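Chain and residue survey
Below, each chain spelled out in residue letters.
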Amino acid sequence: MILTNTAIQLLTPQHWKDYELIDCGNFEKLERFGNLVLIRPEPQAVWPKTLAEGEWTKRHDIRFKGRSATSGEWVKKNPKGQDRWHIEYKNTDVAIKFRLGLTSFKHVGIFPEQAVNWDYISESVKSFKTKNPRFLNLFAYTGGASLIAKAAGADTTHVDSIKQVVTWANENQEISGLSDIRWVVEDALKFVKRELKRGNTYHGIILDPPAYGHGPKGEKWKLEDHIMEMMRDVVQLLDPEEHFLILNSYSLGFSSVIVENLIKTAFPKVENLEIGELYLQATAGPKLPLGVFGKFRKFAK
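The structure contained in this document is the topic of the report that follows. Just so it is clear, the model here is predicted, and its values are computed rather than measured. (Residues numbered from 1 in each chain as written. Predicted model: local features only at pLDDT ≥ 70, side-chain atom pairs only at ≥ 80, totals over all residues. Heavy atoms only, no water.)

To continue, consider the overall build of the protein chain. Regarding its fold elements, the protein chain presents seven helices and 17 strands. Taking 19 Å as the expected radius of gyration for a compact globule of 301 residues, we find that the protein chain reaches 19 Å, a close match to that expectation. In terms of overall dimensions, the protein chain has a C-alpha envelope of 55 × 50 × 40 Å along the principal axes. Here the contacts in the protein chain between residues at least 6 apart in sequence split such that 62% fall between residues at least 24 apart. Element-wise, carbon and sulfur atoms account for 51% of the exposed surface of the protein chain, whose accessible area totals about 14200 Å². Put simply, the protein chain has 41 plus and 37 minus side-chain charges, and the middle of one group is 2 Å from the middle of the other. (Helix = DSSP H or I, 4+ residues; strand = E, 2+ residues; numbered from the N terminus. Rg over C-alpha atoms; globule rule 2.2 N^0.38 Å. Contact = heavy atoms within 4.5 Å. Areas by Shrake-Rupley, 256 points an atom, 1.4 Å probe, with all protein chains shown as cover. Lys, Arg positive; Asp, Glu negative; His and termini not counted. Charge placed at Lys NZ, Arg CZ, Asp CG, Glu CD.)

This brings us to the packing of aromatic side chains. Enumeration over the complete set of coordinates arrives at 13 aromatic pairs. The lysine or arginine in question, K49, covers the ring of W56, its NZ or CZ lying 3.9 Å from the ring centre. Above the ring of F293, the side-chain terminus of K295 is found at 5.0 Å from the ring centroid. (Phe/Tyr/Trp six-rings, centres within 6.5 Å; stacked < 30°, edge-to-face > 60°. Lys NZ or Arg CZ within 6 Å of the ring centre and 35° of its normal.)

Okay, the pairing of strand β8 (residues 95-101) next. Within β8, five of the seven residues are buried, leaving the element largely enclosed by the surrounding structure. The pairing of strand β7 (residues 84-90) with β8 spans seven bridges and is antiparallel. Its bridge partner lying in β8, K90 is registered against A95. Between β7 and β8, which pair antiparallel in sequence order, lie four residues. (Buried < 20%, exposed > 50% of the residue type's maximum accessible area, 1.4 Å probe, protein only. Pairing = 2+ DSSP bridges.)

On to the sheet that holds strand β3 (residues 28-33), then. If you walk across this open sheet you meet the five strands as β2-β3-β4-β5-β6, and the pairing is mixed. Looking at which strands have only one partner, the edges of the open sheet turn out to be β2 (19-25) and β6 (72-76). For this sheet, the mean inter-axis angle between neighbouring strands, taken without regard to orientation, is 20 degrees. Pairing of β3 with strand β4 (residues 36-41), which is carried by six bridges, proceeds in the antiparallel orientation. Bridge pairing links L30 to I39 in β4. (Axes fitted to C-alpha atoms, helices over the stretch in contact; angles between N-to-C directions.)

Further remarks concern unusual backbone geometry. Notably, F27 is not glycine yet its phi reads approximately 65 degrees, a positive angle. Taking the relative accessible area as the measure of exposure, F27 reaches 47% and is therefore partly exposed.

The subject of this paragraph is the environment of I205. Relative to the elements of secondary structure, I205 occurs in strand β12 (residues 204-207). I205 gets classed as buried once you look at its relative accessible area, which sits at 0%. For the pair formed by I205 and A45, sequence separation is 160 residues and the distance between their alpha carbons is 31 Å.

The next subject is helix α3 (residues 144-152). Across the nine residues of α3, seven count as buried, placing the element largely inside the fold. Within the sequence span of α3, burial applies to G144, A145, S146, L147, I148, A149 and A152. Remark: G153 follows α3 within two positions and exhibits a positive phi of approximately 115 degrees.

With that settled, the discussion passes to the packing of helix α5 (residues 188-198) against helix α6 (residues 223-234). Relative to each other, α5 and α6 sit at 30 degrees, their axes nearing to 10 Å. By the angle between their axes, α5 is roughly parallel relative to α6. Our pair here, α5 against α6, has a crossing hand that is left-handed. Here A188, L189, V192, K193 and L196 of α5 come into contact with α6, specifically with E229, M230, D233 and V234. (Parallel < 35°, antiparallel > 145°, perpendicular 65-115°, else oblique. Left-handed = near helix turned anticlockwise from the far one by under 90°.)

Set out below in C-alpha cells:
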C-alpha cells in the first residue's frame, strides 16, 4: 500500500441561509435561492430523484427548459413573477449580497458551492499580518470571491473577459455596500503576463477557469492546453512572505489529483496544500458533486 501525505477532502458550504439544494436527480436539481425555488438541468445528477415528481412540481416557482446544450427558456408558474431578486451570503467574517437573474443559459449569477472557497478567502485575508493585502480574482464571473475579499479588507482586482458579467459584478458590489474593486475586462492569461512584466504581486489569488472560453479579442482558452502555462505564471505573482492561492475547476474529467499535480509542478515549494472536491448537500439526502479544488497558503512569520 502506498500512502500519500495529501488527503482528499470533501467540502460543502456551512453558512448558507438564502440557498438550499432541496433535491437532485434525473439530471435536474431543485434548489431555493432566497424566496424562489428553481428547477434547473444538472448533468452530474445521474441517480433518481429522492422526492416524488409531484413534490418537485408543487414546490418549484420557475423551471428551466433547455432547447439546446447552451440555451433554453424559463417557465414560470406565475407569469408575472420576478426575473431579478437579491440574496445574501454571510459567514463568521463578512456579509455580501448578490443580484440574481434568469439568463438564457440556465445560470442565475452564482455558484453556491463556491462559498467554501469564499470562507477560505475571508479567513486568510483576516489572518494576514499585511494590512489591505492585494487579492486577484481571475475568471471572476459575477464576483463572489471579489466581494468577499473586499469585505474582508483586501485591495481587490477582478478580471473577466465578458463585459456584461463584470457589469453584473459591479451591481453586486453596490448592493453589498462595497466600493473600489478594480474591474478589468481582459483575457486572464494576457493580464497575468502583463502583471509579471510590471513586477506586481498579490497576497491572494483565486482562479476558476472554464473548460472552454474566449477573451474579449477572440483569444481562445482551452483548459487542458493552457492551464499549465497559466499556473506557472500565476504562482510567480504570489507575495513570497504571505500568500494564498485557490485553483478551482468544474471541468468534467478533471480530478483533485490532477489539480494537485498542476500546483506541485508549478510551485514545488508549496506549503499547506489542500485538495479535494466541492459538493452541495441536498436536504433530501444526495450529495451533488460540483468541481475540484487545490489551495494553499503561507502566513508571515
